[in-house]
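Chain and residue survey
Here are the chains, one letter per residue:
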Amino acid sequence: MIKNVAMASIVWGMVAPVARAEEVLPDKNGYTLFEPTPDKYLREMSPDRPDKTDSPFTVDAGHFQLEMDYVNFTDDAPTAAHGNVKTDAYQSAPINIKVGVLNNVDVQLVFEPWTWQRNKNETTGVVETDSGFGDTTLRTKVNLIGNDGGFFALALIPYVTLPTAEDNLGAGGVEGGVGIPYAFDVPNWDVGLQTTVSYDHDNAGNAYHAEIANSVSVGHAVIGPLEYHVEFYGSVSTERNSNWVGTVDTWLTYQVNKNLIFDGGIYLGITPAADDWHPWIGMTWRY
């Protein structure tokens, strides 16, 4: 009897702290844009940048997150897939501003303040140079599962792009679609995947076509807060005479603290229809 009582006391001594910890965990669903989540309950920051694979995790309610390139560059050699046109382009401070409105919902404003682009037709020798403001995209992310824990996380990101670009720098029409990012909690690894279905404006004319893109992103710590990532991305279009776009993307991230991450890397095209290379440096900051 004494042994049984002693064993029960030992077991309770091990279980009670866990039970008490679980009891004090808050119900974060009560937090909103106007009643922000306390800092001590913030989930780990998980940006949608710099890869093409978005995160299924939302910004906590009542908090803001800025995700931006300081600068990026695009180089694309002339190929038959691009009409034998060589393209060089620079962008300064393309940014995604996020606001957490509910525990599992954030809204996002994506825009390109300044773009410079030079196209040279290698057949005719004609050079066109354009610069100015780019398109504007409105997005909403809704997490369906796994926002605050669990092996699997899934979200929906419906979006619409408005043709606000100057000098033929944008899509030329309203576009939209939905991204479906999901992730797995693999110890010591970042593993994310995404499928995106979009309805896009044709490159020529006023018609529209559907596109489907898929990507997978994997990351691992190198030293301390420094991480290395690689991504495989592919997109297919129903537009006439279009070709498969494929890239291999690689980058480094350095997390200064729980609210600030710096990153830098490059997208490398592996198919003729993809841009040859696209390097960038950027950051994510949460408030």
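Data block above holds the structure.
Residues numbered from 1 in each chain as written. Predicted model: local features only at pLDDT ≥ 70, side-chain atom pairs only at ≥ 80, totals over all residues. Heavy atoms only, no water.

Now for the nonpolar core. Grouped together as the largest cluster of nonpolar side chains are five residues: Met 68, Ile 95, Phe 111, Leu 260 and Met 283. Setting aside chain neighbours within four positions, we find Ile 95 in contact with Glu 67, Met 68, Leu 109, Val 110 and Phe 111. (Core = buried A, V, L, I, M, F, W, Y, C linked by side-chain atoms within 4.5 Å. Buried < 20%, exposed > 50% of the residue type's maximum accessible area, 1.4 Å probe, protein only. Contact = heavy atoms within 4.5 Å.)

Looking now at the pattern of salt bridges. Pairing is possible between side chains of opposite charge, provided their charged atoms come close. Under the criterion given, the structure shown has 14 salt bridges. We note a salt bridge from Arg 139 to Asp 48, for which the minimum N-O separation is 2.9 Å. Placement of Arg 139 in strand S7 (residues 136-145) and of Asp 48 in the loop between helix H1 (2-24) and strand S1 (64-76) is noted, with a sequence separation of 91 residues between them. For Asp 48, a relative accessible area of 4% gives the class buried. (Salt bridge = Lys/Arg side-chain N within 4 Å of Asp/Glu carboxyl O. Helix = DSSP H or I, 4+ residues; strand = E, 2+ residues; numbered from the N terminus.)

Let's shift gears to the environment of Asp 167. Assignment of secondary structure puts Asp 167 in the loop between strand S8 (152-162) and strand S9 (175-184). Not counting residues up to four positions away in its chain, the partners in contact with Asp 167 are Asp 130 and Ser 131.

A word on the side chain of Gln 194. Examined against the element boundaries, Gln 194 turns out to sit in strand S10 (residues 189-201). Polar contacts involving the side chain of Gln 194 include one to the main-chain amide nitrogen of Asp 54, which spans 2.5 Å. Apart from the residues within four sequence positions on either side, Gln 194 is in contact with Lys 52, Thr 53, Asp 54, Gly 179, Ile 180, Pro 181, Tyr 182, Ala 213, Asn 214 and Ser 215. (Polar contact = N/O pair within 3.5 Å; in protein donor to acceptor, adjacent residues only side chain to side chain.)

So, about the packing of aromatic side chains. Throughout the structure, instances matching the rule amount to 11 aromatic pairs. With centroids separated by 4.7 Å and ring planes inclined at 40°, the aromatic side chains of Phe 73 and Tyr 90 adopt a geometry described as tilted. Remark: Tyr 90 occurs in strand S2 (residues 85-92) and Phe 73 occurs in strand S1; sequence separation between them is 17 residues. In this structure Phe 73 comes out as buried when scored by relative accessible area, which is 16%. Taken together, the ring pairs in this structure connect Phe 73, Tyr 90, Trp 116 and Trp 277 into an aromatic cluster. Here the basic side chain of Lys 52 rests over the ring of Tyr 233, its NZ or CZ set 5.0 Å away from the ring centre. The cationic tip of Lys 52 hangs over the ring face of Tyr 267; the distance from NZ or CZ to the ring centre is 3.5 Å. (Phe/Tyr/Trp six-rings, centres within 6.5 Å; stacked < 30°, edge-to-face > 60°. Lys NZ or Arg CZ within 6 Å of the ring centre and 35° of its normal.)

Geometric descriptors of this kind do not, in isolation, establish any biological role.
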